[in-house]
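Results of the structural survey
So the chains spell out like this:
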Amino acid sequence: MLWVYKHFCKHALAVITDESIKIDYCNPLPWSDVESAEERMIRMGFKKIKVIIINPKPDIDYHYNFLQKHNGAFTAFSLPLYPVITIDEAIELRRLIAEKVPYSTLPYESTK
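Right, let's walk through the structure included here.

The next point concerns the packing of aromatic side chains. Evaluated as defined, the whole model comprises 3 aromatic pairs. Pairing Tyr 64 with Phe 77 gives two aromatic rings, centres 5.7 Å apart and planes at 50 degrees, and the pair type is tilted. Taken together, the residues Tyr 64 in the loop between β5 (47-56) and α2 (66-69) and Phe 77 in the loop between α2 and β6 (78-80) connect sequence positions 13 residues apart. By way of ring pairs, the aromatic residues Tyr 62, Tyr 64 and Phe 77 are connected into one cluster.

Okay, here's the thing in structure tokens:
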């Protein structure tokens, strides 16, 4: 049953509004609580993958869920830039986030 839900139901990766970003099923994070965003290469098993990390300001009033508290290298607020989304979706995610907060990209060489 879970397989059907995972593979046949559309899931929103992120909902970005003028006020906040909501990743998956987590609580919305107001842009006023975000310090910056950056691209990072993280290790997932034996592979290195590229993600966007949203860096919250220190001491924000946010209710983290279990996965956000125990998410390892992904951090509490991270978005994939690897092939679970299309290249066009990745470009649009970068653009929308960069409009809201300071955004650091990885040099081209480190994305290989």
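Continuing now.
Our focus in this paragraph is the nonpolar core. Judged by nonpolar contacts, the single largest core of 21 residues is most densely connected at Ile 21, Leu 29, Ile 52, Ile 54 and Ile 97. Breaking this core down by element, the ones donating at least two residues are β2 (20-23), β4 (34-44), β5 and α3 (87-100). No other element matches α3, which puts 3 residues into this core. In contact with Ile 54, other than residues within four places in its own chain, are Ile 21, Ile 23, Leu 29, Val 34, Ser 36, Ala 37, Phe 77 and Ile 97. The next biggest cluster of nonpolar side chains, apart from the first, holds 6 residues, and it includes Ile 42, Ile 49, Phe 74 and Tyr 82.

Now for the sheet that holds β4. Note on sheets: strands pair through backbone hydrogen bonds, and any given pair is parallel or antiparallel. What the 4 strands build is an open sheet, ordered β6-β5-β4-β7; its pairing is mixed. Of all the strands in the sheet, just β6 and β7 (103-104) have a single pairing partner and so form its edges. Pairing of β4 with β7 involves 2 bridges; the strand directions are parallel. Following the sheet pairing, Glu 38 is matched in β7 by Ser 104. Sitting on the sheet, α3 touches β4, β5, β6 and β7, and the angle it makes with β5 is about 25 degrees.

The rules behind the values
- Residues numbered from 1 in each chain as written.
- Predicted model: local features only at pLDDT ≥ 70, side-chain atom pairs only at ≥ 80, totals over all residues.
- Heavy atoms only, no water.
- Phe/Tyr/Trp six-rings, centres within 6.5 Å; stacked < 30°, edge-to-face > 60°.
- Helix = DSSP H or I, 4+ residues; strand = E, 2+ residues; numbered from the N terminus.
- Core = buried A, V, L, I, M, F, W, Y, C linked by side-chain atoms within 4.5 Å.
- Buried < 20%, exposed > 50% of the residue type's maximum accessible area, 1.4 Å probe, protein only.
- Contact = heavy atoms within 4.5 Å.
- Pairing = 2+ DSSP bridges.
- Axes fitted to C-alpha atoms, helices over the stretch in contact; angles between N-to-C directions.

Purely geometric stuff here, so don't read any function into it on its own.
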